[in-house]
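Structure at a glance
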Amino acid sequence: MNFLNKMERKFGRYAIHNLSMYIIGGYIIGYILYFLAPDVLYNYLSLEPYYIMRGQVWRLVTWVLIPPESPDIFTIIMLILYYQLGTELERAWGSFRFNVYIFLGIISTLVGAFILYFVLGGNGVFGSSLFSTYYINMSIFLAFTACYPEEKLLLYFIIPIKIKWFGILYAVYILLAFFTANWVGKVAIIASMFNFILYFLLSRSRGKASPKEIRRKQVFKRQVKQGMAPGVTKHKCAVCGRTELDGDDLEFRFCSKCEGNYEYCQDHLFTHTHVRRQ
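Residues numbered from 1 in each chain as written. Predicted model: local features only at pLDDT ≥ 70, side-chain atom pairs only at ≥ 80, totals over all residues. Heavy atoms only, no water.

1. Thoughts on the overall build of the protein
Secondary structure summary: the protein contains 12 helices and four strands in total. Counting every position in the protein, which comprises 278 residues, the buried fraction comes to 38%. Taking all contacts inside the protein whose residues are at least 6 apart in sequence as the whole, residues at least 24 apart take part in 64%. For the protein, the computed accessible surface area is about 16800 Å², with 64% contributed by carbon and sulfur atoms. (Helix = DSSP H or I, 4+ residues; strand = E, 2+ residues; numbered from the N terminus. Buried < 20%, exposed > 50% of the residue type's maximum accessible area, 1.4 Å probe, protein only. Contact = heavy atoms within 4.5 Å. Areas by Shrake-Rupley, 256 points an atom, 1.4 Å probe, with all protein chains shown as cover.)

Shown next, in the form of C-alpha cells:
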C-alpha cells in the first residue's frame, strides 16, 4: 500500500469527489436513452472492441452509461442503495482511494474485453450484456460488506439483517455464474471483478472501523482544527506565505539545499531560489 499512499499524496487533489453521484447520473442519462432511443443505447454505446477498432472510439467511455437493469421500482431502490454504500466507502477510504477502486474496475473490464477480442481472432461481437457495469456495481456492495460486515440492512424496509449475509449471497451468486459460464464468460467476470479481487488482496487490513466510528473521528478532527488558536499554523511557505489553513490540498516540504529551516508549498518547492548563508 506504500505505492498507493505515494500516489494519493501526489495525485489526490485530482480525485473526483462524490463519484457515486456521477455514476448514478450516468445511469439516469442511460435510462433517458432507454426510453427515447433503445437501439442507440445498446447498438452504438456498448463496449464492443470490434467496433472500437473500426473507429467508434466513443464506446471506450459510453458503455458506462448503460444501466445494469431495466428501470423498475426494484432497480431504483438498488441504485439508491449503491449510491449510499458508495458514499460511505468514499468517506471511509477518501475520494482518491474510492476513485482508484472504481476506475480499476472500469479499466480491467476494458482490458478484459480487448483480450477476448484478440484471442477470438478480432471478429467477435460480444453484445451489451457480456461487458457492462453490472459486476462493477456488485463490487461496491461486496467492498462495503468486506469492510463493515456487521452493519444492518432493512429487508423489505422492516426486517434488519446483517449485511454480511447479503454479501455471502452475492458471492455465491457470482461463483455460480462463474462456474456455469463458458471460458468467455469467466474472463468477463474476472475482468469486471478484478478491482475487488486486487484491492482487497492488497489492503485486507483497511476498513475495520464501522462507518459511525469513522464519522466520529472525522468530526473530532474538525473540532480540534476549529479549536486551534487563530493564526496558529504548523506549516508556512517561505515564498508565498500560504499555510495549511489556505487549502486542504496544500502540501509543504523542507528544502534540503537551503541553509536553514525553510519550508515551501508544492508550487514553490522546486522553483524557489535556494537560501545560502553569507
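This is not the end of the story, as more comes after the structure.
2. As for empty space enclosed by the protein
Overall, the coordinates contain two cavities of 30 Å³ or more when judged by the stated rule. A volume near 60 Å³ is recorded for the largest cavity. Residue lining of the largest cavity: Ser20, Ile23, Ile24, Tyr27, Leu79, Tyr82, Tyr83, Gly86, Asn137 and Ile140, and that is the complete set. Mapped onto the lining of the largest cavity, the elements with two or more residues apiece are helix H2 (19-36), helix H6 (73-93) and helix H8 (134-147). Taken together, the residues of the lining of the largest cavity sort by class into seven nonpolar, three polar and no charged. (1 Å grid on protein atoms, 1.4 Å probe; cavity = no way out; pocket = protein on both sides within 12 Å on 5 of 7 lines; lining within 4 Å. Points joined across faces, edges and corners; volume = space filled by probe spheres on them. Nonpolar A, V, L, I, M, F, W, Y, C, P; charged D, E, K, R; others polar.)

3. Some words on the nonpolar core
Judged by nonpolar contacts, the single largest core of 46 residues is most densely connected at Leu89, Trp93 and Phe141. Listed by contribution, the elements that provide at least two residues to this core are H6, helix H7 (95-119), H8, helix H9 (163-180) and helix H10 (183-192). In terms of residue count, the dominant contributor to this core is H7 (10 residues). With residues near it in sequence (within four places) discarded, Phe141 still touches Leu81, Tyr82, Leu85, Leu153, Ile163, Phe166, Gly167 and Tyr170. Core analysis: the second largest hydrophobic core is formed by eight residues, Leu250, Phe252, Cys258 and Cys265 among them. (Core = buried A, V, L, I, M, F, W, Y, C linked by side-chain atoms within 4.5 Å.)

4. Comments concerning the packing of H6 against H7
Between two packed helices, the angle of one axis relative to the other and the distance separating the axes together describe the packing. Contact geometry for H6 and H7: axes closest at 6 Å, N-to-C directions at 125°. Judged on the interaxial angle alone, H7 and H6 are oblique. Here Gly86, Leu89, Glu90 and Trp93 of H6 come into contact with H7, specifically with Ser95, Arg97, Phe98 and Tyr101. Here the contact of H6 with H7 is built from residues that sort into four nonpolar, two polar and two charged. (Axes fitted to C-alpha atoms, helices over the stretch in contact; angles between N-to-C directions. Parallel < 35°, antiparallel > 145°, perpendicular 65-115°, else oblique.)

5. A short note on the pattern of salt bridges
As a working rule, side chains carrying opposite charge can pair if their charged atoms are close by. According to the stated counting rule, one finds two salt bridges in the structure shown. One salt bridge connects Glu88 with Arg91, and the closest N-O pair in it is separated by 3.7 Å. A residue pair is termed a helical-turn pair when its members lie 3 or 4 positions apart in one helix, as Glu88 and Arg91 do in helix H6 at three residues. Residue classification places Arg91 among the partly exposed positions, given a relative accessible area of 42%. (Salt bridge = Lys/Arg side-chain N within 4 Å of Asp/Glu carboxyl O.)

6. Here we look at the side chain of Thr75
One can find Thr75 in helix H6. Take Thr75: its relative accessible area is 6%, and that puts it in the buried class. Sequence-distant contacts of Thr75, that is, excluding residues within four places in its chain, are made with Tyr31, Glu69 and Ser70.

7. Quick look at a nonpolar patch on the surface
Together, Ile16, Met21, Tyr22, Tyr83, Phe103, Ile107, Val111, Ile115, Val119, Leu120 and Trp183 line one region of the surface with nonpolar side chains, adding up to about 1000 Å² of accessible area. Looking at the nonpolar patch, the elements that each hand over two or more residues are H2 and H7. In terms of residue count, H7 provides more of the nonpolar patch than any other element does, five residues in total. Tracing the backbone shows Phe103 in helix H7. (Patch = residues over 30% accessible without salt bridge, like charges linked within 9 Å, V, L, I, M, F, W, Y side chains within 5 Å.)

8. Quick look at the packing of H6 against H8
Orientation of H6 relative to H8, taken along the N-to-C sense of each, is 55°, at an axis distance of 9 Å. In terms of axis orientation, H6 runs oblique to H8. Considering the relative orientation of H6 and H8, their crossing is left-handed. Residues Leu81, Tyr82, Leu85, Gly86, Glu88, Leu89 and Trp93 of H6 lie in contact with H8, whose contacting residues are Asn137, Met138, Ile140, Phe141, Ala143, Phe144 and Cys147. For the contact of H6 with H8, the residue count by class is 11 nonpolar, two polar and one charged. (Left-handed = near helix turned anticlockwise from the far one by under 90°.)

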